[in-house]
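Residue strings, one per chain:
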Amino acid sequence: MRLPKFLDNLIMHIIQGLLPEVFLVFVLMIFFCVLLFLRFYYKSNTTEVQLALNLNYSAWALLLPLLLSYWIFIYMGPAVFDMSYGIHSDSLIYAFRLVLTALFIVYWAYIYLSNSSHVFYTFEYYFMLVVGLLALNLMLISSNFLNLLLSMELYSMVVYYLIHEKRTRGRTTEAAFKYFTVSSYSTAFFVFGLFFVYLSSGATEFKALSFLATQNADKLMLIGYFFIVASLLIKVGAGVFFFWILDAYEGASFPVLIFLNIFVKPAFVFIIFKILLLGCGGLLLGPVKLFLFSTAIIGVVGASLQSKVKRFLIFTSMYNMGFLSFFFWEPNGFMLGGFVVFFGVYSLNSMCLMMLFGLLRDASKSDFVITDLKDLSCVLPQHFPLAFGLVFFLLSVSGLPPFSVFFVKYFLLVKIFNAFTAPYVLILLLCSVIALFCYIRIIRIIFEFSRPTFFVRFKSGVAAGILAFMTVFNIVFLFVAEDLLKMMQLFVLEC
Amino acid sequence: MNFFEIMEIIFISNVALIFLPFQKLTRKLGSLLVLIVLIGCLFFVLRTDPDSIFILDYADKNFFWGAFTVDRLSAFFGALLCFLSFVCISLFGAKSYNQLTYYSVFFCLELFLFHTFVSVNMLTFYVLFETTLIPMFVLILLWGSRQRKLHAMYMFFFYTAIGSVLLLVALFVFYAMSGSVLITASTHIEPYITFFITLMWFCFFVGFSFKVPVAPLHTWLPEAHVEAPTVGSIVLAGLLLKIGTFGMLRFMFPGLNLLNFRFQDFVYAACVFSLFYASLVAIRQLDIKKIIAYSSVAHMGFVVIGLFSITFIGFVGSYFTMLSHGVVASALFFLVGVLYERYKSRILLNYGGLVSVMPVFAIIFFVFTLANIGFPFTSNFVGELFILIGVVSTNLLIGIICLFSIVLPPVYSLWLFNRVFFGGLGSGLTGFSDLNTTEFYLSALFISLTLLGGIAPKIITAYVELEYIKLLV
């Protein structure tokens, strides 16, 4: 049966660009209403933990339809969406992955909140977490610099709140202030750059700009792009701009740290390369590649010098971000497929590692007590599954075979290894050895039994569950890695 | 179902045994299964048709996973693995460890090692080679004897990791040049020397040298041996060191023969240094395990010299010494474990006069001391003789230096024996007892293999010859 013509037109209109924005705004509004309702309904007669659980359900209820809709878009032929938020296949796949993993973050936030004695603003916490994820998604699917700027500002505000969520702590306030200051500078750079680009070309859409950049790129446009890319690099703390993220991220709680370290950084790498490839017609690609490559070196050197848990995690995530950027050195369907798989595997392993770090807290329910790496030495005598889990994930994230991260790294390096990239690959391998050294150093600390200075109040079941899940995942991945990569590459190529 | 699949099923069933509720049954069934594989390996070697000696059981994938084969080169190592596994499982019964954890770690190690030896896919070999680190890491950490085990584990992991990164570079170059990671693709590599091929050769050699180990890359080995439990030392000396030389054998011959010839003198120099250095250091050690560990470094240096002589007899000698050293060094570590179980010390100065209270043990230790120095009618003698003939035929000077080097093992081995078994009884030693039944029978097994190799080496060499011809082709 054929639909009436006006309905047909309406559907086509929705599909051709209206739906993504409308959908996102709608889900945001619905989510806000649901949260508001829950806040007032449950606040009077439930505990904070129950409220957290209920909010957790509602966050899932929001994210699952979003996930489903992305899935549908991917199969419907996403190339048709090319309006202000151009849903290209690559960004859509990335956004899909992001929402999928966001579900874990939201669940993890519940564990975090329910185990903490700290007074949290539960409602705002969930709201901001989910809005942050949506802002990140909007950034990913932007195909216009103005949209990108607006989404980025939304994201910045959310992150400012999330970092500053423990308002009574001085360190947190300092972290939030630093973030706010640097973020403002970054935005100023972006606007400044966009001004030059608009002055030179009269356009803000990626497609038009890409065409103009390849045809006739003048100095103004080049300066504009320079500032835009610099602002994004500052925002993500790449290369020499890492100076601010240490303090800013250290002040954040563990779920926020996971959010910033594992999801935001790769997303920004993706956005930077999207702008460079789709928006700038390949201008500045070489310097940015080298800049991100230097991030891997800075990350691994920094990690080897750290004695604080959070700083160590921040530096290692920088190293992995540098590694991740290598997938864009030869941007084609194969590499993008590899990027999606790498991001999935890395984020899953890192998230589990950070979750275990985050779950270390003392019996008195005061706060996290594991701040120094040397404190880990009293974990093993008290909690074997937790210590074993930490060792497992440390080895896994370090990229040691036969763990899953090794295979994706191997895939990347073997594919880009040729006469021109050989020096970079060799340096990256050297970085891998240093990274392995850092991780083994922590394992060594874990096995150095020392008298407990605190008590781990932590259910064995959670650590054992995470460990069992990841063991099965790693074993299965061992046998399906090749097929999975091929499948993902074919999928990206088809899209 | 081919031979490899049968072996694989048996090894996986071995791992599954840890879920049995009765630990005694686990031990007995485990022993039985490894004996079946041992017999299977020997049967495979004897019955294989000489015209199709290189039987490949490739999986259909060549990039990530798969491609295992059981040929005669790997079958003998399979047999050695099974024999040493049988010894280790038999030793479990006497220990008071948490046996479930112990079995699970050991059976996993056994599974990984078997697959390492039968792998003809470089990536698979590399992954399994690295994977064997993890059970060894657990063995040393959980059942190591002293607090210094952490340092030992750290060194073990770190050195091997550096070696493995070099292997990874070699793997990248191999893939870039041949488009595959199967060793059969080595024929696609350009037949002339380029920078990348030289880099690949260097990475292969140094990467495997970490594992062999060749001095000065050896410092992890004595530490690991000293801190590992007896079972760990047996596996380390008997099998894990052999992965290095076996890897050289598999991946550097014959594909890189051009460079093997070119760098022959470099390899000789490195190995001769290793041989002398390790022997001289062994002389001044006080820890019994360290003496044996350094003697292993010296012997493995000899094996590498034999391989890189690129002669028929040198090759056969190397292969034979690998197997022989696997038996002799493991036996010595087993015997040191016996001493440590009784007197809780490995320091030479604490011992003396044991011949009067442990006569059977003294005789057995003496047999292995002779085997370690390469005495005629022991298996080490045959291997070393073949290697020396091979080396002399290619480089007389190195041959003469190597001949001088064989003076050193008797110095430290006989000194060790003299200190432990003669003289006055050690003052701190109490509760003397000679070997128990299990230990005696296990020692008898070790002795029979050592003597068999010394008296009738043709049993092995006859089959290795064919492989060598194939490699040259």
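What you see is a predicted model, and the numbers here were worked out from it, not measured in a lab.

J.: Account for the overall build of chain A, naming residues and giving values.
T.: Scanning chain A from terminus to terminus reveals 17 helices and zero strands. Put simply, chain A has 495 residues, and 60% of those count as buried. The long-range fraction of contacts in chain A, counting pairs at least 24 apart against all pairs at least 6 apart in sequence, stands at 79%. Roughly 18800 Å² of accessible area belongs to chain A as shown, and the carbon and sulfur atoms make up 72% of that amount.

J.: Got a sec to walk through the overall build of chain B? Specific residues and values, please.
T.: Scanning chain B from terminus to terminus reveals 20 helices and two strands. The buried share of chain B, taken over its 473 residues, is 65%. Considering only contacts in chain B between residues 6 or more positions apart, those separated by 24 or more positions represent 81%. Within the structure as shown, chain B displays about 16200 Å² of accessible surface, and the carbon and sulfur contribution to it stands at 70%.

J.: With reference to specific residues and values, describe the interface of chain B and chain A.
T.: Taken together, the 30 residues of chain B in the interface contact 34 residues of chain A. The interface formed by chain B and chain A includes zero salt bridges. Secondary structure elements with two or more residues in the side of chain B that touches chain A: helix H5 (122-131), helix H6 (133-143) and helix H7 (149-178) of chain B. Here the side of chain B that touches chain A takes 16 residues from H7 of chain B, the largest share from any one element. Tallied by class, the residues present in the side of chain B that touches chain A amount to 26 nonpolar, two polar and two charged.

J.: Residues and numbers for the environment of Gly132 of chain A, please.
T.: All names here are of chain A. Locating Gly132 in the fold gives a position in helix H4 (residues 122-141). Spatially, the C-alpha atoms of Gly132 and Val159 are 6.9 Å apart, while their sequence positions differ by 27 residues. The contact partners of Gly132, leaving out residues within four places of it in the chain, are Tyr155, Val158 and Phe259.

J.: Describe helix H5 (residues 145-163) of chain A, and please don't skip the residues or the numbers.
T.: An α-helical turn contains 3.6 residues, so a residue and the one three or four places further along point in the same direction. Given a rise of 1.5 Å per residue, 19 residues ought to cover 27 Å, and the 26 Å separating the end C-alpha atoms of H5 of chain A matches this to within 8%. Regarding H5 of chain A, its N-cap is Asn144 of chain A, as a side-chain oxygen of that residue lies 2.9 Å from the backbone nitrogen of Leu146 of chain A further along.

J.: Describe helix H15 (residues 359-372) of chain B, naming the residues involved and giving the relevant values.
T.: All names here are of chain B. Between its first and last C-alpha, H15 extends 20 Å over 14 residues, near the 20 Å set by a 1.5 Å rise per residue. Of the residues making up H15, those classed as buried are Phe361, Ala362, Ile364, Phe365, Phe368, Thr369, Leu370, Ala371 and Asn372. Where H15 is buried, its residues touch helix H13 (288-308), helix H14 (312-343), helix H16 (379-394), helix H18 (408-421) and helix H19 (437-455).

J.: Outline the nonpolar core, listing residues and values.
T.: Counting 341 residues, the largest nonpolar core has Phe145, Tyr155, Phe259 and Leu376 of chain A together with Phe204, Met252 and Phe308 of chain B as the members making the most contacts within it. If we ignore the near neighbours within four places in the chain, the residues touching Phe204 of chain B are Met122, Leu167, Ala170, Phe251, Met252 and Leu256 of chain B.

J.: So what about the side chain of Ser119 of chain B? Which residues, and what values?
T.: All names here are of chain B. Within the fold, Ser119 resides in the loop between helix H4 (99-117) and H5. Among the polar contacts made by the side chain of Ser119, one reaches the main-chain carbonyl oxygen of Asn121 at a distance of 3.0 Å. Only 3.2 Å separates the side chain of Ser119 from the backbone nitrogen of Phe125, close enough to count as a polar contact.

J.: I'd like a rundown of the pattern of salt bridges, residues and numbers included.
T.: Residue and element names in this part refer to chain A. Counted according to the given criterion, the structure contains eight salt bridges over all chains. Among the ionic pairs, Arg311 bridges to Glu250, the shortest N-O distance being 2.9 Å. Here Glu250 lies in helix H9 (residues 245-250) and Arg311 lies in helix H12 (residues 309-325), a separation of 61 residues in the sequence. An identical accessibility class is assigned to Arg311 and Glu250; each is buried.

J.: For unusual backbone geometry, give the residues involved together with the corresponding values.
T.: For the bond running from Pro401 of chain A to Pro402 of chain A, omega is 10°, close enough to zero to count as cis. Residue placement: Pro402 of chain A occurs in the loop between helix H14 (384-398) and helix H15 (404-416). Residues Ala215 of chain B and Pro216 of chain B are joined by a peptide bond in cis, for which omega reads 10°. Despite not being glycine, Lys344 of chain B shows a phi value in the positive range, around 55°. Assignment of secondary structure puts Lys344 of chain B in the loop between H14 and H15. Of the residues examined, Lys344 of chain B reaches a relative accessible area of 54% and is grouped as exposed. At Phe377 of chain B, a position not held by glycine, the phi torsion is positive, near 75°. Looking at the secondary structure, you find Phe377 of chain B in the loop between H15 and H16.

J.: Tell me about a nonpolar patch on the surface, and please be specific about residues and values.
T.: Residues and elements named next belong to chain A. A surface patch of nonpolar side chains, about 430 Å² in accessible area, is lined by Val472, Ile475, Val476, Phe479 and Val480. Secondary-structure assignment places Ile475 in helix H17 (residues 460-494). By relative accessible area, which is 48% here, Ile475 ends up partly exposed.

J.: An account of the side chain of Ser324 of chain B is requested, with residue identities and associated values reported.
T.: On the secondary structure map, Ser324 of chain B appears in helix H14. Setting aside anything within four residues of it in sequence, one finds Ser324 of chain B in contact with Ser379 and Asn380 of chain B.

J.: Before we move on, can you summarise the packing of aromatic side chains with the specific residues and values?
T.: Scanning the model with the defined rule gives 72 aromatic pairs over all chains in all. Plain terms: the ring middles of Phe83 of chain B and Phe446 of chain B are 5.2 Å apart, the flat faces sit at 85° to each other, and that makes the pair edge-to-face. One end of the pair, Phe83 of chain B, is in helix H3 (residues 72-92); the other, Phe446 of chain B, is in helix H19, with 363 residues separating them in the sequence. The pair formed by Phe83 of chain B and Phe446 of chain B is uniform in burial state, with each residue classed as buried. The ring of Tyr154 of chain B is capped by Arg444 of chain A, whose NZ or CZ atom sits 4.8 Å from the centre of that ring.

J.: If you had to explain the packing of H14 of chain A against helix H16 (residues 422-447) of chain A to someone new, which residues and values would you point to?
T.: All names here are of chain A. Taken N-terminus to C-terminus, the directions of H14 and H16 make an angle of 170°; their axes are 9 Å apart at the nearest point. Taken together, the axes of H14 and H16 lie roughly antiparallel to each other. Judged by residue contacts, Ala387, Leu390, Val391, Leu394, Leu395, Val397 and Ser398 of H14 engage Leu436, Tyr439, Ile442, Ile443, Ile446 and Phe447 from H16. For the contact of H14 with H16, the per-class residue count stands at twelve nonpolar, one polar and no charged.

J.: Kindly report on the confidence of the model for chain A, identifying the contributing residues and their values.
T.: Chain-level statistics for chain A give a pLDDT mean of 76 and a share of 70% at 70 or above. When the elements of chain A are averaged for pLDDT, helix H1 (residues 5-43) of chain A gives the smallest value, 61, and helix H8 (residues 219-236) of chain A the largest, 89.

J.: Report on the packing of helix H11 (residues 285-305) of chain A against H12 of chain A, specifying residues and quantitative values.
T.: Residues and elements named next belong to chain A. Orientation of H11 relative to H12, taken along the N-to-C sense of each, is 150°, at an axis distance of 7 Å. Of the possible angle classes, the one that applies to H11 and H12 is roughly antiparallel. Between H11 and H12 lies a crossing of left-handed hand. Between H11, through Leu292, Phe293, Thr295, Ala296, Ile298, Gly299, Val300, Gly302 and Ala303, and H12, the contact on the second element is made entirely by Phe312, Phe315, Thr316, Met318, Tyr319, Met321, Gly322, Phe323 and Ser325. The residue inventory of the contact of H11 with H12, partitioned by class, reads twelve nonpolar, six polar and no charged.

So, how was this worked out
- Residues numbered from 1 in each chain as written.
- Chains lettered and ligands numbered in written order.
- Predicted model: local features only at pLDDT ≥ 70, side-chain atom pairs only at ≥ 80, totals over all residues.
- Heavy atoms only, no water.
- Helix = DSSP H or I, 4+ residues; strand = E, 2+ residues; numbered from the N terminus.
- Buried < 20%, exposed > 50% of the residue type's maximum accessible area, 1.4 Å probe, protein only.
- Contact = heavy atoms within 4.5 Å.
- Areas by Shrake-Rupley, 256 points an atom, 1.4 Å probe, with all protein chains shown as cover.
- Salt bridge = Lys/Arg side-chain N within 4 Å of Asp/Glu carboxyl O.
- Nonpolar A, V, L, I, M, F, W, Y, C, P; charged D, E, K, R; others polar.
- Expected span 1.5 Å × (residues − 1).
- Polar contact = N/O pair within 3.5 Å; in protein donor to acceptor, adjacent residues only side chain to side chain.
- Core = buried A, V, L, I, M, F, W, Y, C linked by side-chain atoms within 4.5 Å.
- Patch = residues over 30% accessible without salt bridge, like charges linked within 9 Å, V, L, I, M, F, W, Y side chains within 5 Å.
- Phe/Tyr/Trp six-rings, centres within 6.5 Å; stacked < 30°, edge-to-face > 60°.
- Lys NZ or Arg CZ within 6 Å of the ring centre and 35° of its normal.
- Axes fitted to C-alpha atoms, helices over the stretch in contact; angles between N-to-C directions.
- Parallel < 35°, antiparallel > 145°, perpendicular 65-115°, else oblique.
- pLDDT = per-residue confidence, 0-100.
- Left-handed = near helix turned anticlockwise from the far one by under 90°.

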